[in-house]
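# Fold and contact review
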Amino acid sequence: MDKIGNIVVLTGAGISAESGVATFRGPGGLWEGHRVEDVCTPLALARDPATVHRFYDERRAGLAGVEPNAAHHALARLDAAWPGQLLIVTQNVDDLHERAGAKRMLHMHGALLSALCSGCGERTTWRQPLPPKSPCPHCQAPALRPDIVFFGEIPYGMDRIEAALAGCDLFVSIGTSGAVYPAAGFVQMAAHYGAQTLELNLDPSEGSRLFDESRLGPASVLVPEWVERLLSGAAR
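Counting starts from 1 at the beginning of each chain's written sequence and moves along it residue by residue. Only residues with pLDDT of at least 70 are given local features in this predicted model, and only at 80 or more are side-chain atom pairs given and counted; all residues enter the totals for whole chains, interfaces and linings. The side-chain values count all of the structure's non-hydrogen atoms but skip hydrogen atoms and water molecules.

If you look the protein chain up in an unreviewed UniProt entry, it shows as NAD-dependent protein deacylase from Stakelama sediminis. The record held by UniProt for the protein chain lists under Sequence similarities (unreviewed entry) the comment "Belongs to the sirtuin family. Class III subfamily." UniProt positions are given in the numbering used here, feature names are shortened, and annotations may be inferred rather than shown by experiment. Heading Subcellular location (unreviewed entry) of the UniProt record for the protein chain holds this comment: "Cytoplasm".

Here it is, written out as C-alpha cells:
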C-alpha cells in the first residue's frame, strides 16, 4: 500500500445524526418537517424571510442540546496528531467538529453560528436569534441572513477543497448520502489524481461503487477504529 501523507476527510449528516442532529432528508423528503424549497433556497428567503430565519433560529438554538460523539472526537484526535496535510471538509452546519477540537476544517455549506450580510458579504459570529433585516455590524445595512449555502449558491472554499483533493493521498467520506453535489463528486476528483478512497457509512451511499473500499456501520464505531489504525501505522 502506498504511503499516506495528505488526507482529505468529507463529513455529512450521518456523523452528527448519532449526536441527535436531524439528518438533511427525513421521511417524505422533508427537512425537519419543512420542504427544502421552503427553507433552503434564495427564492424562499426572498418570498418568506420570516419562515426561513425562524427555521435556522430553531436549529441554532437546538445546538445547545447536542454534544460531539466519538466520531467527532476521533477526527479531532487525527487533526491534532497527523503530521501530514489534513483538511476536514464538512457539509454540516453544526459546530460539533469545532467543539470536539478540530482545527483544520472547512464548512462548505455554511454554519449555524454565523450570519452573512447580503449587502457587504461579511460574515459575523452569531449565537442569538436572527430576525429579518437585522443590521450588519460591519456596514450597518439591515441585511443579515443565515450564513447557509442555499441550493443554487456556490459552496464555500471550493478552490481550497479542489487543491486539497488534487494533492491528497487518501480521501475519506464519512456519513454522506452521495447525492448532493459538488460534494458527491469529490471521490471521483480525488481518484483522478491518484488518491486512495474510503467510505465509512451506516448504509451504502449513492456513490459507494466509486470508492476503493466501503465500510458499513455507525460512525461512532467506524471512525475511531479507522483513526486508531491510521495513527498506529497500520493500513488505512
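### Some points on the overall build of the protein chain
Where helices and strands are cited, they refer to DSSP runs of H or I of at least four residues and of E of at least two residues respectively, numbered from the N terminus. On a plain count of helices and strands, the protein chain comes out with 9 helices and 11 strands. In summary, the protein chain has a C-alpha radius of gyration of 18 Å against a globular reference of 18 Å for 236 residues, a match within 12%. Overall, the C-alpha framework of the protein chain stretches about 55 × 35 × 30 Å when taken along its three principal axes. Looking at the protein chain as a whole, 49% of its 236 residues qualify as buried. Across the protein chain, contacts joining residues at least 24 apart in sequence account for 65% of those joining residues at least 6 apart. Total accessible area on the protein chain stands at roughly 10,900 Å², and carbon and sulfur atoms take up 54% of it. Positive residues here are Lys and Arg, negative ones are Asp and Glu, while His and the chain termini are left out of the count. We put the charge of a Lys on NZ, of an Arg on CZ, of an Asp on CG and of a Glu on CD. Charged side chains in the protein chain number 20 positive and 26 negative. The centres of these two groups are separated by 3 Å. Computation of the radius of gyration draws on C-alpha atoms alone. For the globule rule, the value is 2.2 Å times the number of residues to the power 0.38. Only protein chains enter the calculation, and the probe is 1.4 Å; a residue is then buried if its accessible area is under 20% of its type maximum, exposed if over 50%, and partly exposed in between. Contact criterion: two residues are considered in contact whenever any of their non-hydrogen atoms come within 4.5 Å of each other. Residue burial considers only the protein chains on display, and all accessible areas are found by Shrake-Rupley using a 1.4 Å probe.

### As for the side chain of Thr90
Within the secondary structure layout, Thr90 lies in strand E4 (residues 86-90). Residue classification places Thr90 among the buried positions, given a relative accessible area of 1%. When near neighbours in sequence (up to four residues on either side) are disregarded, Thr90 contacts Thr11, His97, Met105, Leu106, His107, Met108 and His109.

### Side note on the domain arrangement of the protein chain
Domain boundaries shown here were taken from an automatic or database domain assignment. What the domain assignment reports for the protein chain is domain 1 (1-20 + 68-109 + 155-235) and domain 2 (22-65 + 111-148). At the junction of the two partners, domain 1 supplies 10 residues and domain 2 supplies 12 residues. Here's the idea: put two parts together, see how much 1.4 Å probe accessible area each one loses, and the total over both is what we call buried area. Around 890 Å² of area is buried between domain 1 and domain 2 when both sides are counted, 59% of it from carbon and sulfur atoms. The largest per-residue losses of area from domain 1 upon contact with domain 2 belong to Val93, Asp95 and Tyr156, which jointly make up 50% of the total buried on that side. Think of a polar contact as two N or O atoms within 3.5 Å of one another; within protein, one of them needs to be a possible hydrogen donor and the other a possible acceptor, and neighboring residues in sequence only count if both atoms come from side chains. Our count for the contact surface shared by domain 1 and domain 2 stands at 3 residue pairs in polar contact (both at pLDDT 80 or more). Counted by class, the side of domain 1 that touches domain 2 contains 4 nonpolar, 3 polar and 3 charged residues. Following the grouping adopted for this structure description, the nonpolar residues are Ala, Val, Leu, Ile, Met, Phe, Trp, Tyr, Cys and Pro, the charged ones are Asp, Glu, Lys and Arg, and the polar ones are all others, Gly among them.

### A few points about the UniProt feature "active site" (unreviewed entry) in the protein chain
If you check UniProt for "active site" (unreviewed entry), the listed places come out as His109 in our numbering. Note on placement: His109 falls in the loop between strand E5 (105-107) and strand E6 (110-117). Assessed through its relative accessible area of 15%, His109 is described here as buried. Looking at His109, its side chain comes within polar contact range of the main-chain oxygen of Gln91, at 3.3 Å.

### Comments concerning the pattern of salt bridges
For salt bridges, the criterion is a side-chain nitrogen of Lys or Arg within 4 Å of an Asp or Glu carboxyl oxygen. With the rule as written, the count across this model stands at 9 salt bridges. The partner of Arg60 in a salt bridge is Asp57, and the shortest N-O contact between them spans 2.7 Å. With Arg60 and Asp57 both in helix H4 (residues 49-62) and 3 residues apart, the pair spans about one turn of that helix. Both residues of the pair, Arg60 and Asp57, count as buried.

### Some details on the pairing of strand E9 (residues 170-174)
Of all the 5 residues making up E9, 5 are buried; the element is thus mostly covered by neighbouring parts of the structure. Alternating positions in E9 separate into two faces, Leu170, Val172 and Ile174 on one and Phe171 and Ser173 on the other, with burial throughout. Bridging between E9 and strand E10 (residues 196-201) involves 5 bridges; their strand directions are parallel. In the strand pairing of E10, Val172 is matched with Leu198. For a crossover, the right-handed case is the one in which the path from the first strand over the helix to the second runs clockwise, viewed with the strands pointing away from the viewer. Regarding topology, helix H8 (residues 186-192) serves as the crossover connection from E9 to the parallel E10, and that connection is right-handed. By definition, two strands form a pair when at least two bridges between them are found by DSSP.

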